[in-house]
Amino acid sequence: DDPVQQVNVAPGGQGEAVVTWIARERHLPSAVRYAQAGGYLERVAEGTARVYTTQICLPNSVVMIDPILGPPNRGFDFSELTARLNTSAFLPKSSDSYRYLRPGQDPWQVVSETNYCIDYKNPMAFYTSPYIHSVVLPGLHGRTEYSFTPEGSARTFAFTTPAEPGAVTASPFRLGVWADVGI
């Protein structure tokens, strides 16, 4: 199983492309090996890795269960949601975040009282993303195919750069955009 997932290429500045991907492993470097397709000169570009943390807010139970959605990219079942909400297992009663869910209590009813967000004072209320790597590939030429491999990946990817600015081309440049806003 490749630790490098969700690899994307986007336009950068002139003569650049930006490669992004995620990985759960902390030790993977933010580096990409790349070359012109069929070329022998391989270059390495280095970038950065970041994570983000956000409060877990859930859509209502019907949406969470059918289809299954939710951080981290899967739904919470009743026992997992109960475990996140039931802070009585690790917090004292004097804590502002103390909450006891009695056996059989519906965790969806509890979370509905907070607009489907787990109370921000609850230390179990946060989702931390995988490592999001971003690397700028400089020195690219127009209308050229490049192959690249993010460090730690067993896969090789390819893309073709658009024509240089001002170049006359037989067909217009088309750019497809896809966004994953996450849940």
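Please refer to the structure placed before this passage.
Cut-offs and rules
- Residues numbered from 1 in each chain as written.
- Predicted model: local features only at pLDDT ≥ 70, side-chain atom pairs only at ≥ 80, totals over all residues.
- Heavy atoms only, no water.
- Helix = DSSP H or I, 4+ residues; strand = E, 2+ residues; numbered from the N terminus.
- Buried < 20%, exposed > 50% of the residue type's maximum accessible area, 1.4 Å probe, protein only.
- Contact = heavy atoms within 4.5 Å.
- Areas by Shrake-Rupley, 256 points an atom, 1.4 Å probe, with all protein chains shown as cover.
- Salt bridge = Lys/Arg side-chain N within 4 Å of Asp/Glu carboxyl O.
- Polar contact = N/O pair within 3.5 Å; in protein donor to acceptor, adjacent residues only side chain to side chain.
- Patch = residues over 30% accessible without salt bridge, like charges linked within 9 Å, V, L, I, M, F, W, Y side chains within 5 Å.
- Core = buried A, V, L, I, M, F, W, Y, C linked by side-chain atoms within 4.5 Å.
- Pairing = 2+ DSSP bridges.
- Axes fitted to C-alpha atoms, helices over the stretch in contact; angles between N-to-C directions.
- Arc of directions from axis to C-beta.

**Q** I would appreciate a short explanation of the overall build of the chain in the present structure.
**A** A tally of regular secondary structure across the chain gives three helices and 10 strands. Helices and strands appear in the chain in the N-to-C order β-β-β-β-β-β-α-α-α-β-β-β-β. Residues counted as buried form 30% of the 183 residues belonging to the chain. Taking contacts inside the chain between residues at least 6 apart in sequence as the whole, the part at least 24 apart equals 59%. As presented, the chain carries roughly 11,800 Å² of accessible surface, and 53% of it is formed by carbon and sulfur atoms.

**Q** I'm lost on the pattern of salt bridges in this one. Help?
**A** Pairing is possible between side chains of opposite charge, provided their charged atoms come close. According to the stated counting rule, one finds four salt bridges in the structure shown. Here Glu42 makes a salt bridge to Arg33, at a shortest N to O gap of 3.5 Å. Under the relative-accessibility criterion, Glu42 is labelled partly exposed at 47%. Arg33 sits in the partly exposed class, given a relative accessible area of 36%. A cluster of three or more residues bridged by salt bridges with shared partners is formed by Arg33, Glu42 and Glu151.

**Q** Explanation requested: the side chain of Thr161 in the structure shown.
**A** Relative to the elements of secondary structure, Thr161 occurs in the segment after β10 (157-160). For Thr161, the side chain forms a polar contact with the main-chain nitrogen of Arg143, separated by 3.2 Å. Ignoring any residue separated from it by four or fewer positions in sequence, one finds Thr161 in contact with Leu140, His141, Gly142, Arg143, Thr144 and Tyr146.

**Q** Before we go on, may I ask you to explain a nonpolar patch on the surface in this structure?
**A** There is a patch of nonpolar side chains on the surface, built from Phe173, Leu175 and Val177 and spanning about 360 Å² of accessible area. Looking at the secondary structure, you find Phe173 in the segment after β10. Owing to a relative accessible area of 54%, Phe173 belongs among the exposed residues under this scheme.

**Q** Help me understand the nonpolar core in this model?
**A** The nonpolar side chains of soluble globular proteins are, as a tendency, buried together. By size, the foremost hydrophobic cluster in this structure holds 16 residues, and its most contacted members are Val32, Tyr34 and Leu137. Every element with two or more residues in this core is listed here: β2 (17-23), β3 (31-36), β8 (131-137) and β9 (145-150). The element that contributes the greatest number of residues to this core is β2, accounting for four residues. Setting aside anything within four residues of it in sequence, one finds Val32 in contact with Val19, Trp21, Arg43, Val44, Ala45, Val135, Leu137, Phe148, Thr149 and Pro150.

**Q** What is the right way to look at the sheet that holds β9 in this model?
**A** Within a sheet, adjacent strands bond to each other through the backbone by hydrogen bonds, running parallel or antiparallel. The strand order β4-β3-β9-β10 describes an open sheet built from four strands, whose pairing is antiparallel. The open sheet has two edge strands with one neighbour each: β4 (43-46) and β10. Mean inter-strand twist for the sheet, computed between neighbouring axes without regard to direction, equals 30 degrees. Sheet topology places β9 next to β10; four bridges connect them, and they run antiparallel.

**Q** Explain the pairing of β4 to me, please; I cannot follow it from the model alone.
**A** Residues in a regular strand point their side chains to alternate faces of the sheet. By the bridge criterion, four bridges tie β3 to β4 in an arrangement that is antiparallel. Paired with Tyr34 across the two strands is Arg43, which belongs to β4. If you look at the hairpin formed by β3 and β4, you'll find six residues sitting between the two strands, and Gly38 has a positive phi there, around 80 degrees.

**Q** Is there a simple way to think about helix α2 (residues 78-85) in this case?
**A** Residues separated by three or four positions in an α-helix point in the same direction, a consequence of the helix having 3.6 residues per turn. All of the buried residues in α2 are Glu80, Leu81, Arg84 and Leu85. Along α2, the residues classed as buried sweep out an arc of 130 degrees about the axis, all on the same side.

**Q** I would appreciate a short explanation of the side chain of Asp2 in the present structure.
**A** Positionally, Asp2 belongs in the segment before β1 (5-11). Judged by its relative accessible area of 13%, Asp2 falls in the buried class. At 2.7 Å, the side chain of Asp2 and the side chain of Ser153 are in polar contact. A polar contact of 3.3 Å, which involves the side chain of Asp2, links it to the backbone nitrogen of Ala154. With sequence-adjacent residues up to four places away left out, Asp2 is seen in contact with Gly152, Ser153, Ala154 and Arg155.

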